[in-house]
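Structural description and commentary
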Amino acid sequence: MSTTELPASHAELMDGVYRWQRHVYDLTRKYYLLGRDKLISGLDVPSGGTVLELGCGTGRNIILAARAYPDARFFGLDISAEMLETAGAAVAREGLSDRVMLARGDATDFNAKALFGQGSFDRVFVSYSLSMIPGWEKTVSAALAALAPMGSLHVVDFGQQEGLPGWFRTLLRGWLKKFHVTPRESLRDVLESEAERTGATFRFRTLCHGYSWLAVIKLGT
């Protein structure tokens, strides 16, 4: 899907939400987007490997991953031009432009070859984006389709806070709604179903009493 074919309503919504927030996003989100660093440390990127992040936002995760795996190449996709402007500046500032490529696209329907000149990836990861994407199930399918043989998909997002008090869940949901974020109740079921469909292995962890869910789908095992 080219930039001109992006779903206008969602792209415009995300640009509106993050036009100003992007400047303070990383300072504020570090307190409640838990599990992102666990995801990065668990990527286990092979030597000379390729990694795609769907919903790369400000570039925070892709930059940390590029530092952690210095001989890998990274690719970031986001629907928000505003976020990509921030991410591009951050990548350049860190001197990573030779290994990190960013593009604007829809995570539910993208052509990686057209966007990046790269048809498949050893690792694909999605960090706190599925809870913001309409039709997020399509993102899971698209991510798996973009994997190379023996590749793996890594997902971290809000869980259902199943081990936390009800009042906490109510407050969190109210706060998240202001930013068009909806924790996906069926996330685990969808990921597990997709793993079964593709004959992949599935690993799932709850973090912080269900505040976050962390999952890995690995092909070819």
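Read on for an overview of the structure. What you see is a predicted model, and the numbers here were worked out from it, not measured in a lab. (Residues numbered from 1 in each chain as written. Predicted model: local features only at pLDDT ≥ 70, side-chain atom pairs only at ≥ 80, totals over all residues. Heavy atoms only, no water.)

Before going further, it helps to examine the pairing of strand β6 (residues 201-207). The sheet contact formed by β6 and strand β7 (residues 212-218) spans seven bridges and is antiparallel. Each bridged residue has a counterpart across the sheet, and for Leu207 the counterpart in β7 is Ser212. In sequence, β6 turns back onto β7 through a hairpin of four residues, with Cys208 there showing a positive phi of about 55 degrees. (Pairing = 2+ DSSP bridges. Helix = DSSP H or I, 4+ residues; strand = E, 2+ residues; numbered from the N terminus.)

The next subject is the side chain of Gln118. Looking at where Gln118 falls in the secondary structure, it is placed in the loop between α6 (112-116) and β4 (121-127). Within the structure, Gln118 has its side chain in polar contact with the backbone oxygen of Ser120 (distance 2.8 Å). (Polar contact = N/O pair within 3.5 Å; in protein donor to acceptor, adjacent residues only side chain to side chain.)

The seven strands lie next to each other as β3-β2-β1-β4-β5-β7-β6, forming an open sheet whose pairing is mixed. The outermost strands of the open sheet, each flanked by one partner alone, are β3 (100-104) and β6. Averaged over all neighbouring strand pairs, the angle between strand axes comes to 15 degrees, with direction disregarded. Relative to strand β2 (residues 73-78), strand β1 (residues 50-54) runs parallel, the two being bridged by five bridges. Considered in β2, the bridge of Val51 is made with Phe74. Helix-sheet contacts for helix α7 (residues 136-145) involve β1, β4, β5 (147-158) and β7, and the interaxial angle to β5 is about 150 degrees. (Axes fitted to C-alpha atoms, helices over the stretch in contact; angles between N-to-C directions. Contact = heavy atoms within 4.5 Å.)

The phi dihedral of Asp44 is positive, around 50 degrees, even though this residue is not glycine. Mapping Asp44 onto the fold places it in the loop between α3 (36-41) and β1. Here Asp44 falls in the exposed class, since its relative accessible area comes to 56%. If you check the backbone angles, Gln161 has positive phi at about 50 degrees while not being a glycine. Looking at where Gln161 falls in the secondary structure, it is placed in the loop between β5 and α8 (166-177). (Buried < 20%, exposed > 50% of the residue type's maximum accessible area, 1.4 Å probe, protein only.)

Evaluated as defined, the whole model comprises ten aromatic pairs. With centroids separated by 6.4 Å and ring planes inclined at 90 degrees, the aromatic side chains of Phe116 and Phe121 adopt a geometry described as edge-to-face. Residues Phe158 and Tyr211 carry aromatic rings whose centres are separated by 5.8 Å and whose planes lie at 65 degrees to one another, so their mutual orientation is edge-to-face. Of this pair, Phe158 sits in strand β5 while Tyr211 sits in the loop between β6 and β7, placing them 53 residues apart in sequence. According to the relative accessible area criterion, Tyr211 is buried, its value standing at 6%. Site record: aromatic cluster; members linked through ring pairs are Tyr128, Phe158, Trp167, Phe168 and Tyr211. (Phe/Tyr/Trp six-rings, centres within 6.5 Å; stacked < 30°, edge-to-face > 60°.)

This next bit is on the nonpolar core. Judged by nonpolar contacts, the single largest core of 34 residues is most densely connected at Leu52, Leu54, Phe110, Phe116, Phe121, Val124 and Leu153. Residue assignment for this core shows that the elements contributing at least two residues are β1, β2, α6, β4, α7, β5, α9 (187-198) and β7. Setting aside residues no more than four positions away along its own chain, Phe116 makes contact with Leu52, Phe75, Gly76, Leu77, Met101, Leu102, Ala103 and Phe121. (Core = buried A, V, L, I, M, F, W, Y, C linked by side-chain atoms within 4.5 Å.)

The next subject is a negative patch on the surface. A surface patch of like charges, here negative, comprises Glu185, Asp189, Glu192 and Glu196. Mapping Glu192 onto the fold places it in helix α9. (Patch = residues over 30% accessible without salt bridge, like charges linked within 9 Å, V, L, I, M, F, W, Y side chains within 5 Å. Areas by Shrake-Rupley, 256 points an atom, 1.4 Å probe, with all protein chains shown as cover. Salt bridge = Lys/Arg side-chain N within 4 Å of Asp/Glu carboxyl O. Lys, Arg positive; Asp, Glu negative; His and termini not counted. Charge placed at Lys NZ, Arg CZ, Asp CG, Glu CD.)

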